[in-house]
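One-letter residues, chain by chain:
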Amino acid sequence: MRTATITRKTHETDITVTINLDGTGRYDCQTGVGFFDHMLDQLARHSLIDIDLRAKGDLHIDDHHTVEDCGIALGQALAQALGDKRGIRRYGACNLPMDDAQVACALDLSGRPYLVWSLEFPTAKIGTFDTELVREFFQALATHGGITLHIDKLHGFNSHHIAEAAFKAVAQALRAAVETDPRKSDAIPSTKGAL
Ligand SMILES: [Mn+2]
């Protein structure tokens, strides 16, 4: 089973996350940040990676530490569950439409963290949620998951749709990348022999 549990506790946040790469997209994400829970649920649902996440953060300051640290913990869980990445497809890409929004994601589970970000929001807030935190989350996920992650907005004027399309695009791309390819059997998908 490709699973991992990460517990990460700092003066700012206390997070436990359990994932199963070979899940069915079950989710139970409780961070105290309503919109962010909604986004994490999308990530699980559309990647078919089960995600169980509990976060207690310093929300009296703002949502920043909680959102960023969930990205760190989830990235660490992904890296641990992937192990030596034997047999995986490694790459994934998705152009995901949601009403007015379309977001493109291309990713490589390369072990080389890199974020290419071209996704602007027309508003600073979605409800009480700061839209700039979407980038913070994906930066942390890419860094700690060892992911080369490209996210580009192609269309969109509604910030809720743009954010949700981004999470769903990453989810779909992740689903493809973590999947094992029967033609690769148990080979590590790199000519270097390691990822
Ligand atoms: Mn929504």
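Residues numbered from 1 in each chain as written. Predicted model: local features only at pLDDT ≥ 70, side-chain atom pairs only at ≥ 80, totals over all residues. Heavy atoms only, no water.

## Here's the deal with the side chain of Asp-58
Along the chain, Asp-58 turns up in the loop between strand E4 (50–57) and helix H2 (64–82). Of note is the side chain of Asp-58, whose polar atom sits 2.7 Å from the side chain of His-65. (Helix = DSSP H or I, 4+ residues; strand = E, 2+ residues; numbered from the N terminus. Polar contact = N/O pair within 3.5 Å; in protein donor to acceptor, adjacent residues only side chain to side chain.)

## Here we look at the packing of helix H3 (residues 132–145) against helix H4 (residues 159–178)
Here H3 crosses H4 at 15 degrees, and the two axes come no closer than 11 Å. The orientation of H3 with respect to H4, classified from their angle, is roughly parallel. Taken as a pair, H3 and H4 cross one another with a handedness that is right-handed. Along the contact surface, H3 presents Val-134, Phe-137 and Phe-138, while H4 presents Ala-163, Ala-166, Phe-167 and Val-170. Partitioning the contact of H3 with H4 into residue classes produces seven nonpolar, no polar and no charged. (Axes fitted to C-alpha atoms, helices over the stretch in contact; angles between N-to-C directions. Parallel < 35°, antiparallel > 145°, perpendicular 65-115°, else oblique. Left-handed = near helix turned anticlockwise from the far one by under 90°. Contact = heavy atoms within 4.5 Å. Nonpolar A, V, L, I, M, F, W, Y, C, P; charged D, E, K, R; others polar.)

## So, the coordination of the manganese ion
Coordination of the manganese ion by the protein comes from His-38 (NE2), His-160 (NE2) and Glu-164 (OE), over a distance range of 2.0 to 2.3 Å. Taken in chain order, the donor set of the manganese ion reads H-x121-H-x3-E. Here the residue His-160 and the residue Glu-164 both occupy positions in helix H4, the gap between them amounting to four residues, near one helical turn. (Donors = N, O, S within 2.8 Å, 3.2 Å for Na, K, Ca; no water.)

## Thoughts on H3
For H3, with 14 residues, the first-to-last C-alpha span of 20 Å sits near the 20 Å given by 1.5 Å per residue. Among all positions in H3, only Leu-133, Val-134, Phe-137, Phe-138, Ala-140, Leu-141, Ala-142 and Gly-145 are buried. Where H3 is buried, its residues touch helix H1 (34–47), H2, strand E7 (114–118), strand E9 (129–130), strand E10 (148–155) and H4. Positive backbone phi, at 65 degrees, marks Gly-146, one or two positions downstream of H3. (Expected span 1.5 Å × (residues − 1). Buried < 20%, exposed > 50% of the residue type's maximum accessible area, 1.4 Å probe, protein only.)

## Structural notes on the environment of Ala-171
Locating Ala-171 in the fold gives a position in helix H4. Discounting chain neighbours no more than four positions away, the residues touching Ala-171 are Gln-42, Leu-43, His-46 and Ser-47.

## Side note on the pairing of E10
As defined by bridge partners, strand E6 (residues 101–108) adjoins E10 across seven bridges and the pair is classed as antiparallel. Bridging across to E10, Ala-106 finds its partner in His-150. Bridging between E7 and E10 involves five bridges; their strand directions are parallel. Bridging across to E10, Val-116 finds its partner in His-150. (Pairing = 2+ DSSP bridges.)

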